[in-house]
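One-letter residues, chain by chain:
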Amino acid sequence: MAKSEMPAEFSHHQDWYDSSLQSVSDSAKILYHYDTITHGFSTRLTEEEAEELSYQSGVLSVNPEIRYELHTTRTPEFLGLDKAGTGLIPESGTGSDVVVGVLDTGVWPERKSYDDAGFGPIPADWKGTCQVGKDFNSTACNRKLIGARFLSRGYEASMGPIDETRESRSPRDNDGHGTHTSSTAVGSPVSDASLLGYASGTARGMSVKARLAVYKVCWLGGCFSSDILAGMDAAVSDGCHVMSLSLGGSSADYYRDSVAIGAFSAMQKGVFVSCSAGNAGPVSSTLSNTAPWITTVGAGTLDRDFPAYVTLGNGKNYSGVSLYGGKPLPDSPLPLIYAANATNSSNGNLCMPGTLIPSKVAGKIVLCERGINARVQKGYVVSGAGGVGMVLANTAANGEELVADTHLLPASGVGEKAGDEIKSYLLSDPNPTASIQFGGTQVGIRPSPVVAAFSSRGPNTVTPEILKPDLIAPGVNILAAWTGAVGPTGLSVDTRRVEFNIISGTSMSCPHVSGLAALLKSIHPDWSPAAIRSALMTTAYSAYSGGNQILDVSTGKPATPFDIGAGHVDPPSAVDPGLVYDLTPDDYLDFLCALNYSSFQIASVAKRANYTCDSTKEYSISNLNYPSFSVGFATANGDAAGSGTTTVKHVRTVTNVGSAGVYKAAASASVMGGSVSILVEPNELSFSKSGEKKSYTVSFTAPSLPSGSSGFGQLVWSDGKHAVSSPIALTWT
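Quick look at the structure, then. Here the structure is a predicted model, which means the values were calculated and not measured.

1. Observations concerning the layout of surface pockets
Think of a ball as big as a water molecule: rolled over the atoms, this probe shows where empty space is left. Put simply, the second largest pocket is a space of about 880 Å³. Taken together, 39 residues form the lining of the second largest pocket, with Phe41, Ser42, Ser61, Val62 and Asn63 sitting closest to its centre.

Right, here's the structure in full:
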């Protein structure tokens with residue numbers, strides 16, 4: 001709604017909203033009024049009523065309800081947070097004034113990760129509350145967990161009343177996802193933490209001194225956009241400095257994307273918004289949350305593994321992974337059978353419920369293949385049919401990516417190559433056997449990190465000129481706090497209860513960056529959200545210490561910026577990045593003008609009802625002051641390469657956040673089947689003081705190449721101490 005267009009007869013905008021709704025529906029009721037991150041309301045209407053409402057004066061847009069999905073230790077050491085002299089440990093004195101808002105499935109407040117020992121009074125400017133509900137009273141909050149709300153009106157309007165026999169109509173987390181993500185971001189240190197003896201040590205979040213506020217916007221049936229928007233509205237109004245959302249939906253234009261709309265207003269108020277990239281990889285162009293004012297996080301591995309070894313009757317050994325913590329199998333080999341040979345179902349190889357023939361699997365280890373149903377459920381199916389163990393084999397969709405699970409029976413997950421060899425053995429030996437041994441926890445695994453196969457990839461389908469994801473962070477086999485309502489598998493049949501759980505997803509990588517943003521905010525309270533993101537991106541690394549590029553586990557080849565963005569986050573370096581690429585709300589408005597958004601569309605995103613783009617000004621997406629470069633070239637004559645060249649120019653401005661110094665530029669890129677020339681002007685920038693800004697232009701010149709061609713590179717500004725790096729992606733369409 002265009003708040004400025006409220007008719008004079010109304011004294012309050014909520015009265016206007018009520019009247020507008022009543023004019024198109026006698027029965028509809030307002031679910032939420034929004035006034036912080038956007039102006040408007042949510043309700044439930046028929047298509048005809050929604051269309052009628054859209055024609056009313058002052059209505060900027062009417063967007064449908066969208067269901068979003070969750071993107072479902074050793075991390076501090078792996079990220080260097082334990083190193084002295086980094087500026088991160090100990091944290092600055094303002095660390096406890098930073099509040100991280102986590103929008104997820106709620107919180108299990110009794111976990112030690114929310115211990116408030118050592119925390120002072122709640123900041124005086126905090127406006128949040130501890131909302132009372134089923135199994136959750138005001139004493140659940142403390143000086144660490146300072147706010148908790150639940151938002152369910154949109155969900156209940158779409159799905160019906162919450163079934164309180166299955167989940168609490170309160171901030172309490174009956175799923176585990178929200179407890180895991182929030183403790184990853186800001187959890188207090190907990191000694192002797194582990195999952196069934198795995199990954200033992202001290203568990204802690206990225207910013208242990210930060211405060212936490214949780215907003216339960218996700219329920220058993222999903223996360224609905226009206227609830228998410230209400231949660232974001234509350235988080236900004238309450239006083240959060242960082243917002244973390246490990247959820248996403250399909251890509252959409254920014255003026256139709258509730259998360260993008262909420263994040264824009266949050267950014268305008270100085271709130272850093274971090275979102276997960278999605279778990280639809282390794283397929284290209286599968287990203288969620290691609291707006292340039294959102295920090296989009298992909299997932300990589302740690303240097304920690306949980307090996308489970310499969311030994312065949314022919315003497316061959318294969319290394320898989322498992323978090324099984326029960327009674328092991330005997331050392332002597334057991335009969336081995338391929339699930340496809342123990343079923344009457346066409347998809348019996350997947351070990352789906354009801355597909356295995358008990359008489360064929362009883363007392364045997366069963367080889368199942370990944371796909372369709374949950375990995376841990378396959379083991380339950382095997383056990384239910386009388387099987388005593390499982391080898392879970394990847395298919396081409398997952399390649400060599402290994403994700404450890406807390407299986408309900410002795411099991412090992414192996415890669416595609418091992419799975420194919422085990423299958424060949426099964427089909428060629430008349431009496432195949434196998435054994436499974438568990439190797440516990442191993443650290444120092446190399447190479448690490450590698451890009452997780454599930455991590456969603458670019459290019460950005462909404463705005464290809466903005467490179468996404470922005471960076472990657474640990475997202476595979478992450479240990480963090482867990483709910484007391486369900487077991488580590490999340491299956492209803494799993495009666496085990498654990499304090500901590502190990503799970504994987506970009507849902508896990510996102511709160512790492514959210515917590516790190518809180519750390520940087522505590523050290524540099526005057527930095528904008530864009531400056532914080534820039535520091536994290538330009539100091540990220542895209543190569544291992546030996547010089548080789550970070551690998552993509554799905555291909556075994558070097559990852560590209562479409563996989564890792566700027567690279568893997570490196571917190572100690574981000575404290576002192578040297579230079580930052582800063583952005584203001586007006587810069588993003590220019591970006592929207594460059595997209596040719598109408599005044600109505602801009603108002604939907606930015607709460608600027610009367611904003612119009614300057615017809616005399618030349619807007620360009622390539623001039624958005626982003627810390628990366630996505631350069632598009634047009635292919636001449638469709639698919640054929642031509643002899644002519646094209647030059648594309650990008651303009652950037654860097655701000656010195658360090659001491660005086662002279663930075664020199666170095667840029668290069670490689671293109672399969674062609675070449676590209678990169679000219680940086682000027683190629684030397686001199687800064688005499690902190691806060692000084694300097695601009696430069698990058699000219700990319702390349703010949704026409706076949707449509708679909710791509711190339712990648714890097715631009716680095718260096719003063720001998722700092723290396724301010726930006727990834728480059730080149731595409732031909």
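2. A short note on the packing of aromatic side chains
The relation between two aromatic rings is expressed through the spacing of the ring centres and the mutual angle of the planes. All chains considered together, the criterion is met by 20 aromatic pairs. Measuring from centroid to centroid gives 5.5 Å for tyrosine 17 and phenylalanine 41, while their planes differ by 35 degrees, and the two rings are tilted. Highlighted residues: tyrosine 17 in helix α1 (residues 13–22) and phenylalanine 41 in strand β2 (residues 40–42), separated in sequence by 24 residues. The interplanar angle of 80 degrees and the centroid separation of 6.5 Å between the aromatic rings of phenylalanine 150 and tryptophan 219 together place this pair among those described as edge-to-face. Here the residue phenylalanine 150 occupies a position in strand β5 (residues 145–150), and tryptophan 219 occupies one in strand β9 (residues 218–219), the gap between them amounting to 69 residues. Residue classification places tryptophan 219 among the buried positions, given a relative accessible area of 6%. Pairwise contacts between aromatic rings join Tyr254, Phe264, Trp293, Tyr588 and Phe591 into one cluster. The ring of tryptophan 108 carries the charged tip of arginine 172 above its face, separated from the ring centre by 4.4 Å. The aromatic ring of phenylalanine 687 is capped on one face by lysine 694, whose charged end is 5.5 Å from the ring centroid.

3. Quick look at the sheet that holds strand β3 (residues 67–70)
The four strands lie next to each other as β9-β10-β3-β12, forming an open sheet whose pairing is antiparallel. Edge positions in the sheet fall to β9 and β12 (247–248), since each has one partner strand and no second. Of the strand pairs in this sheet, β3 and strand β10 (residues 222–224) are connected by two bridges, and their pairing is antiparallel. Looking at the pairing, arginine 67 lines up with phenylalanine 224 of β10.

Parameters at a glance
Residues numbered from 1 in each chain as written. Predicted model: local features only at pLDDT ≥ 70, side-chain atom pairs only at ≥ 80, totals over all residues. Heavy atoms only, no water. 1 Å grid on protein atoms, 1.4 Å probe; cavity = no way out; pocket = protein on both sides within 12 Å on 5 of 7 lines; lining within 4 Å. Points joined across faces, edges and corners; volume = space filled by probe spheres on them. Phe/Tyr/Trp six-rings, centres within 6.5 Å; stacked < 30°, edge-to-face > 60°. Helix = DSSP H or I, 4+ residues; strand = E, 2+ residues; numbered from the N terminus. Buried < 20%, exposed > 50% of the residue type's maximum accessible area, 1.4 Å probe, protein only. Lys NZ or Arg CZ within 6 Å of the ring centre and 35° of its normal. Pairing = 2+ DSSP bridges.

Bear in mind that shape data such as this cannot, by itself, settle questions of function.
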